[in-house]
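# Structural features, examined
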Amino acid sequence: MAHVLTGYEVGHTVSPHWPKVTGRLDRNLAAIDLLWSYDSYVLTGSIAQEIAADTSAIIGFNVLITDRDGVVIGSGDPGRVGSFHEASVEVVRQVRAMSHDPEAARRLSGVEPGITLPLVLNGEAVGTVGITGSPDQVERFGRLVRNQTEILLRESVLLSSRLFREKAVEDLLRDVAHFDPATADPGMLTLRGDDLGYDLRLPRVAVVVETSAEPASVLRRLRKAFDDPQDVIGRGGSGRFVVLHKDNGSIPPIDPECSVGVGGRACGVPALHDSYVDASTARYLAARLPGSPRVVHIDDLRVHELVAASGARSRLVRALIGSLREQPDWPVLRLTIVEWCESGFNLVRAAAALSIHRNTLIYRLGKIEEAGLKVRDARVALKLYLACVADVLDS
């Protein structure tokens, strides 16, 4: 099949930072640079020239393709492109093939002996395909060439329609990500979702997926994993993909080479925006926390989110653990404090989490207490825990 969407591939880029769209449909469509009109099936020159040139080389007779007005937009003889082919006007009007011997061709503008057939899509003549030569010789090629051309054009329409929808979905995801209640109307975004078949009022969670894998392959795998018709899936920038997953209480397994952040449960555009921010924050924090799982939920990192957002975290670190940070084994002691607190101040569970003997844990806790930090006091331990989290995020 001819490659038909070079313009889309060149023109359709998504900024890693998701710049704000204009909101004008004509500009968005221009960016896609479709070779077919989505609504009216207007045949244009790029695909027509490729089909005409390839077909002419195969059958040994010149093939030309015109639009519905009789203008040649593709030909094995490039010199004929842009000329008027008078016979095509009548072929389009009557939607039937016509042949022209030398005498008939002389009476028509821009016509050479041969056969001209209508190109029909959805019952509408969108142009013609002509084969130059003796009608007796080329008539046997006529139906074959027309059918093959119509197949290629029909595939072009389907591909263009799919890419048009993908672009509309990406625009919707971007506008949810950048939603600002001061400048945007959530009702308009909800309506756009309805037009695409997605009810944004349903409970959902935002899922942010980051990977260096090939984008088309990632999208296929995500669509296989998130298979509910209400799951909204699209690209969100370089190496980033976004899913507004219809909440059913779980996240399906995702390819192990992806890192995944999951936001909070949300209904409606404003809450979906917050869920997207939470999912992005979860991925950001997990990347800075050693040993984080591949899939992280913001609910497991709310404390880290709070500490990361605090401008006072460096002062908290200096005030609580300043002297202890100077110890050569500080990273080990910091991990000990974190696991001690996350294990509920239980020696057995904390030792198991650290993969050390219980006596080794007791020794480390004693060393921390020697620095004047009462790590066995729950209130002090919680402060130290926050300081340790802040120190990890600053490192």
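First, a word on what this report is: a plain description of the structure on this page. (Residues numbered from 1 in each chain as written. Predicted model: local features only at pLDDT ≥ 70, side-chain atom pairs only at ≥ 80, totals over all residues. Heavy atoms only, no water.)

### Some words on the pattern of salt bridges
Scanning the model with the defined rule gives 23 salt bridges in all. Of the charged contacts, one joins Arg162 and Glu166 as a salt bridge, the two residues approaching to 2.9 Å between their closest N and O atoms. Pair noted here: Arg162 and Glu166 are both in helix H6 (residues 135–177), with a separation of four residues, about one helical turn. Across the pair Arg221 and Glu257 runs a salt bridge, and its minimum N-O distance is 3.5 Å. (Salt bridge = Lys/Arg side-chain N within 4 Å of Asp/Glu carboxyl O. Helix = DSSP H or I, 4+ residues; strand = E, 2+ residues; numbered from the N terminus.)

### Some words on helix H13 (residues 347–354)
Along H13, the residues that are buried comprise Leu347, Ala350, Ala351 and Leu354. Viewed along the axis of H13, the buried residues span an arc of 100 degrees, placing them on a single side of the element. Residues of H13 that are exposed and angled more than 90 degrees away from the buried face: Val348 and Ala352. Buried residues in H13 make contact with helix H12 (330–342) and helix H14 (358–370). One side-chain oxygen at the N-terminal end of H13 lies 3.0 Å from the backbone nitrogen of Val348; it belongs to Asn346. With its phi angle positive at about 60 degrees, Ser355 sits one or two positions after the end of H13. (Buried < 20%, exposed > 50% of the residue type's maximum accessible area, 1.4 Å probe, protein only. Arc of directions from axis to C-beta. Contact = heavy atoms within 4.5 Å. Polar contact = N/O pair within 3.5 Å; in protein donor to acceptor, adjacent residues only side chain to side chain.)

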